[in-house]
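The primary structure of each chain is shown beneath.
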Amino acid sequence: MQALAAAEIPDWRDEIFAALKAAEIRQVGYVPDAGHARLIELCCDDPEIHAVPLTSEEEGVALAAGAWLGGQRAALLMQSSGVGNCINMLSLTKTCRFPLVMLVAMRGEWAEFNPWQVPMGSKTRAALELCDLLVYRVEQPEEAAETVAAALDIAFNGDLATAVLLSQRLIGSKRWVK
Amino acid sequence: MIANERRLDRRAAMRILLESRSDLLLVTGLGSTTWDAAAAGDDDRNFYLWGAMGSAAMVGLGLAIARSDRRVLVVTDDGEMLMGLGSLATIGVQRPPNLAVAVFDNAHYGETGMQASHAAEAVELVAVARACGFKETFDIIDELGLRDFAARIHDAPTTLFARIAIRADDPPRVLPPRDGVLLKTRFRRATGID
């Protein structure tokens with residue numbers, strides 16, 4: 001079989017976006033992050049999606065709850081450091097059994113340059129699991145869309161809270177010196 | 001600052017906001033505004049927050065975006081709003097026309113022993129909302145102003161923000177259901193979602 005040229009290989013970020021569309025996500029709350037830049041751009045450009053820039057990630061947890069009360073599905077995009085900002089707000093999700101899907105771009109792990117990212121990055125999964133979220137992790141580009149689709153399914157079918165961690169190795173380390 | 005005894009009674013203020021509610025959807029914040037709404041009469045279209053301090057305005061935003069066919073009113077206290085001050089910046093960017101955020105400002109943390117809030121000393125919530133991009137704001141100190149705002153909720157073309165000067169007191173608690181799943185499910189049923 002002939003190998004696909006680089007331009008023909010679908011980008012995993014575009015595939016995640018397609019999964020959000022297939023799940024009828026109508027609101028996307030985000031705190032800007034380089035790892036989510038492409039996804040944020042796609043969401044902002046889509047007329048069916050209401051993209052909401054947040055000042056802090058916990059706002060997104062409340063936004064998603066409000067969306068669900070109004071009959072819409074929401075997803076949140078954030079960086080691993082933002083997970084720490086969500087902790088108390090996740091009590092809303094748990095107490096009311098709101099569905100939740102957080103896509104978390106990991107920092108503070110694979111080849112991290114900035115040690116300030118490590119304390120939260122190394123505890124992201126543990127913190128989410130402590131709050132009773134179902135946590136999935138993506139290491140390979142070809143796993144990204146199906147993992148996100150699986151998280152969306154279980155969240156909205158079962159009123160469950162989920163997070164998908166997009167590993168730093170997948171995203172690529174931030175380049176500090178250009 | 002207005003003398004405490006000249007400020008509005010919180011239970012009366014909530015009744016005025018809801019007396020011609022029509023199909024208005026209500027979100028109340030952790031604490032006294034939840035008891036005020038329950039005292040005005042429990043309603044399946046009320047979503048009461050019993051926790052998640054700082055979330056009320058953002059729950060209202062998500063709901064208002066999802067239900068562009070309905071009016072959404074958030075009523076919360078100054079302390080709860082202060083914890084979610086960033087959400088005013090987020091809402092200022094969105095400004096859905098069917099959302100109104102009202103803050104019952106008694107300048108105190110009423111649920112925890114009446115400690116002074118930032119609104120008592122320095123922070124002007126209306127100025128914060130205006131600086132965050134709210135185009136129509138209300139600084140309400142009397143019943144007339146409150147009635148103007150209550151009417152405007154139903155026909156405003158932009159997101160409203162109101163700060164309502166409320167007397168610092170502690171009326172008897174009236175507690176609505178506190179089962180979060182029940183509150184969520186009955187709200188969705190009453191509004192035609194489930």
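In this text the structure is predicted, and so the values were computed from the model without any measurement. (Residues numbered from 1 in each chain as written. Chains lettered and ligands numbered in written order. Predicted model: local features only at pLDDT ≥ 70, side-chain atom pairs only at ≥ 80, totals over all residues.)

(A) Quick peek at the packing of helix α1 (residues 10-18) of chain B against helix α8 (residues 143-152) of chain B. Residue and element names in this part refer to chain B. Following both chains from N to C, one finds α1 and α8 inclined at 35°, their axes separated by 8 Å at the closest point. In terms of crossing hand, the pair formed by α1 and α8 is right-handed. On the side of α1, the interface is formed by Ala13, Ile16 and Leu17, while α8 contributes Leu146, Arg147 and Ala150. A per-class count over the contact of α1 with α8 returns five nonpolar, no polar and one charged. (Axes fitted to C-alpha atoms, helices over the stretch in contact; angles between N-to-C directions. Helix = DSSP H or I, 4+ residues; strand = E, 2+ residues; numbered from the N terminus. Left-handed = near helix turned anticlockwise from the far one by under 90°. Contact = placed C-beta atoms within 7 Å. Nonpolar A, V, L, I, M, F, W, Y, C, P; charged D, E, K, R; others polar.)

(B) Quick peek at the interface of chain B and chain A. Facing 26 residues of chain B, the contacting portion of chain A comprises 27 residues. For the side of chain B that touches chain A, the secondary-structure elements that each account for two or more residues are α3 (56-66), α5 (85-94) and α9 (180-190) of chain B. Looking at the side of chain B that touches chain A, the element that brings in the most residues is α3 of chain B, giving eight residues.

(C) Region of interest: unusual backbone geometry. Notably, Glu24 of chain A is not glycine yet its phi reads approximately 60°, a positive angle. With respect to the element layout, Glu24 of chain A can be found in the loop between α1 (12-22) and β1 (25-30). Of the residues examined, Glu24 of chain A has 12 C-beta atoms within 10 Å and is grouped as exposed. One non-glycine residue, Ala52 of chain B, lies in positive phi territory at about 50°. Relative to the assigned elements, Ala52 of chain B resides in the loop between β2 (46-48) and α3. The buried category is assigned to Ala52 of chain B, around which 27 C-beta atoms lie within 10 Å. (Buried ≥ 20, exposed ≤ 12 C-beta atoms within 10 Å, placed from the backbone.)

(D) A look at the sheet that holds strand β5 (residues 134-138) of chain A. Residue and element names in this part refer to chain A. Across the sheet, six strands lie side by side as β2-β1-β3-β4-β6-β5; this open sheet has parallel pairing. Each edge of the open sheet is held by one strand with a lone partner, namely β2 (50-53) and β5. In this sheet, adjacent strand axes meet at a mean angle of 20° when their direction is disregarded. Pairing of strand β3 (residues 73-79) with strand β4 (residues 100-105), which is carried by four bridges, proceeds in the parallel orientation. Paired with Gln79 across the two strands is Ala105, which belongs to β4. Each of β3, β4, β5 and β6 (161-166) is contacted by helix α8 (residues 141-158), which is oriented at about 170° to β6, the strand it contacts most. (Pairing = 2+ DSSP bridges.)

(E) Summary view of the pairing of strand β8 (residues 160-165) of chain B. Residues and elements named next belong to chain B. The element β8 is largely enclosed, with a buried count of six among its six residues. Burial of β8 is two-sided: the residues Leu160, Ala162 and Ile164 facing one way and the residues Phe161, Arg163 and Ala165 facing the other way are all buried. As defined by bridge partners, strand β4 (residues 99-105) adjoins β8 across six bridges and the pair is classed as parallel. Bridging from a neighbouring strand, Val101 pairs with Phe161 of β8. Judged from the five bridges that link them, strand β7 (residues 136-140) and β8 form a sheet pairing that is parallel. Bridging from a neighbouring strand, Glu136 pairs with Leu160 of β8. Read as a crossover between parallel neighbours, the route from β7 over α8 to β8 is right-handed. (Right-handed = clockwise from strand over helix to strand, strands pointing away.)

(F) Region of the structure containing helix α2 (residues 37-45) of chain A. Residues and elements named next belong to chain A. Residues of α2 that are buried: Leu39, Ile40 and Cys43. Down the axis, α2 shows its buried residues gathered within 100° of arc, on one side only. Along its buried surface, α2 packs onto α1, β1, β2 and β3. (Arc of directions from axis to C-beta.)

(G) How the structure looks around the nonpolar core. Grouped together as the largest cluster of nonpolar side chains are 117 residues, with contacts concentrated most on Val104 of chain A together with Ile164 of chain B. Tallying contributions element by element places α3 of chain B first for this core, with nine residues. When near neighbours in sequence (up to four residues on either side) are disregarded, Ile164 of chain B contacts Leu8, Ala13, Ala102, Val103, Phe104, Asp105, Ile140 and Leu146 of chain B. (Core = buried A, V, L, I, M, F, W, Y, C linked by C-beta atoms within 7 Å.)

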